[in-house]
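Letter by letter, the chains look like this.
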Amino acid sequence: MKLDQSGLEILDEDECRTLLSRAEIGRIVFTHQALPAIQPVNFALSDGDIVIRTSRRSRLATAAADTVVAFEIDEFDVRARTGWSVVAVGRARHVADRVEATALEALPLHSWAPGEREYFIRIRPELLTGRRIGGPAGR
């Protein structure tokens, strides 16, 4: 087990991908009006990419077109003081190809927010890191 300077377990890329495949909610970090913005989103994986469905007019759709973003998922048990966090960094792109968008519509990607979500954003993780705190209960 590798530890970072703070004593947290460093998760390898395979473990990070496994945790990403099990989560349904994450946070995307992007730039909005020259400032950092964070937004919780539903997501699904497709061919290793993170896929988000949003409204065409959302600030996320506007800001996350062909830009570098960060995406984070985590899980914590406050009482046991265990948990993990995974961060993916990569370029976000709007899915403009109709065939690709039709294929993504089959993903189990259902927004909690009301309204139409016809716009897909795809993030290809170029950097994937993760940390875990606590013992086996944190797994």
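Remember, it's a predicted structure, so these values are computed and weren't measured experimentally. (Residues numbered from 1 in each chain as written. Predicted model: local features only at pLDDT ≥ 70, side-chain atom pairs only at ≥ 80, totals over all residues. Heavy atoms only, no water.)

**Q** Would you mind showing me how to read unusual backbone geometry here?
**A** Glycine aside, residues mostly have negative phi angles, and peptide bonds mostly take the trans form. Even without being glycine, D47 reaches a positive phi, approximately 50 degrees. Secondary-structure assignment places D47 in the loop between β4 (44-46) and β5 (49-54). The exposure class of D47 is exposed, given its relative accessible area of 72%. If you check the backbone angles, D66 has positive phi at about 55 degrees while not being a glycine. When you line up the elements, D66 lands in the loop between α2 (59-63) and β6 (67-77). (Helix = DSSP H or I, 4+ residues; strand = E, 2+ residues; numbered from the N terminus. Buried < 20%, exposed > 50% of the residue type's maximum accessible area, 1.4 Å probe, protein only.)

**Q** Just to check I follow, could you spell out the confidence of the model for the chain for this structure?
**A** Detailed reading of the predicted coordinates is not advisable wherever pLDDT falls low. For the chain, per-residue confidence averages 92 on the pLDDT scale, and 96% of positions sit at 70 or higher. In the model of the chain, α2 stands out as the element of lowest mean pLDDT, 88, in contrast to strand β7 (residues 82-94), which has the highest, 97. (pLDDT = per-residue confidence, 0-100.)

**Q** Sorry if this is basic, but what is going on with the packing of aromatic side chains here?
**A** Scanning all chains against the criterion turns up one aromatic pair. For the pair F43 and F71, a centre-to-centre distance of 4.9 Å together with 75 degrees between the ring planes defines the contact as edge-to-face. Taken together, the residues span a long stretch of sequence, with F43 in the loop between β3 (35-42) and β4 and F71 in strand β6 at a distance of 28 residues. With relative accessibility at 1%, the residue F71 sits in the buried group. (Phe/Tyr/Trp six-rings, centres within 6.5 Å; stacked < 30°, edge-to-face > 60°.)

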